[in-house]
Amino acid sequence: MARLSSKLKEPSILVKPVSRLGGLDNIHIALIVLVAILVLLLVAISTTKNISVVNVSQGQNCTYGSVNGTCITPKLTIPQAKTAAERILAAYGTLNSTLSLLPYFSKVNNINASYLPVTKQWYVSIPYKTPYTSNTYLFGVLISDANPSSFATFVQELPPGNLTNNYVVAPGVIKLYSQTQCSTTSPLQVYWFIDPYAPGSIPSLVNESNLQSSLGSKANFSVKILYTSYSQKITNTYGLNNTVALGDYIECGSLQRNFTGFVKALNASYSGTYMPSYILSGIAGNSGFNMSSLNSCISAASSPVVRLAQHDQAQRFNVTSPSAVVTDCQYLSIPQTAHQAICYSNSTLCMT
């Protein structure tokens, strides 16, 4: 067995003392200076910051406690404070970032609101769970009791113009302000908006066809095609007519009997890049589509009038993302939470 050499020695750290300062070394001097700075900082804060302490007691007849025998009476109630937070939460859905998913993965059923009498604010916390991890986090917001539109959150600041009167009514579901249920209440109307070239749009059609199959005649699904920056990138290379072909085949294919088979084949073939018309035509033919009626539909779908109507409909429902679902003309969701929106709009459809 090999033997360690006796010449090997443990490494050592040499610290040279500073003789002029009583034998202290550089490390100890730095620590002393740091402590002195912290002490001065603490003194500065204590002399410039006024801290108010209010003794709040819980009286039998005081909902929010009392101060010096007088009940605390905020302007907002707990339900109103919660609704204000749900309105702020819904506004994050308009951001062009991953925070736009925040309203759809928040557990608004477990929302909690507490009144802060010193600052006259409400602290509202909403738990949320991201689809990427199993951890649960809190969305916290401070809301002015005097003006619910004045608030501060603990995530990315929300531009004032993004705040609307929409609010999150259930996990994964946003209630659209001033929108009421569709004129046709039976079957339930579901509009499935997608830009086909946006990430996740084609796979979302599998979810759409599965929901359609499970609900049958109780729900009417309509696929609506959006033209966003994702399709624009394809247009820059392949031209407009070639780009919109994918959307036309999807929209018109949704009217055919075997749309589920078409979606499965399309999802298996789609690689996130441009799909030529001849490939789409081949998938449609193999899916058993009536090609004559399909081609007639595609010709009509290419009309500028039809495209403008779909654009206007998306604006009406405040659709700002390349994948969105509108249920019963008043509830906005994403494809992953479309089932929750359907159940919220008509609970009888989800009874087992």
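Attention in this report is confined to the structure presented alongside it. This structure is a prediction, so every number in the text was calculated from the model and none was measured. (Residues numbered from 1 in each chain as written. Predicted model: local features only at pLDDT ≥ 70, side-chain atom pairs only at ≥ 80, totals over all residues. Heavy atoms only, no water.)

As a further point, take the pairing of strand E5 (residues 112-116). Burial along E5 is one-sided: Ala113 and Tyr115 are buried, while Asn112, Ser114 and Leu116, pointing the other way, are not. As defined by bridge partners, E5 adjoins strand E6 (residues 121-129) across five bridges and the pair is classed as antiparallel. Its bridge partner being in E6, leucine 116 is matched across the sheet by glutamine 121. What sits between the antiparallel neighbours E5 and E6 is a turn of four residues, in which lysine 120 has the positive phi angle 55°. (Buried < 20%, exposed > 50% of the residue type's maximum accessible area, 1.4 Å probe, protein only. Helix = DSSP H or I, 4+ residues; strand = E, 2+ residues; numbered from the N terminus. Pairing = 2+ DSSP bridges.)

Another point: unusual backbone geometry. The backbone of lysine 120 shows a phi angle near 55°, a positive value even though the residue is not glycine. Mapped onto the elements of the fold, lysine 120 is located in the loop between E5 and E6. Taking relative accessible area as the criterion, lysine 120 reaches 56% and is therefore assigned exposed. Backbone geometry places aspartate 328, a non-glycine residue, at a positive phi of 55°. Within the fold, aspartate 328 resides in the loop between strand E13 (323-327) and strand E14 (331-333). Given a relative accessible area of 4%, aspartate 328 falls into the buried group.

Turning our attention to the sheet that holds E6. With respect to topology, four strands assemble into an open sheet ordered E5-E6-E7-E8, the strand pairing being antiparallel. Pairing within the sheet leaves two strands with one partner each, and these edge strands are E5 and strand E8 (151-153). Mean inter-strand twist for the sheet, computed between neighbouring axes without regard to direction, equals 20°. Here strand E7 (residues 136-144) runs beside E8; their pairing, made up of three bridges, is antiparallel. Within E8, the position partnered with isoleucine 143 by the bridge is phenylalanine 151. Those strands touched by helix H2 (residues 78-91) are E5, E6, E7 and E8, and its axis lies near 110° from that of E7. (Axes fitted to C-alpha atoms, helices over the stretch in contact; angles between N-to-C directions. Contact = heavy atoms within 4.5 Å.)

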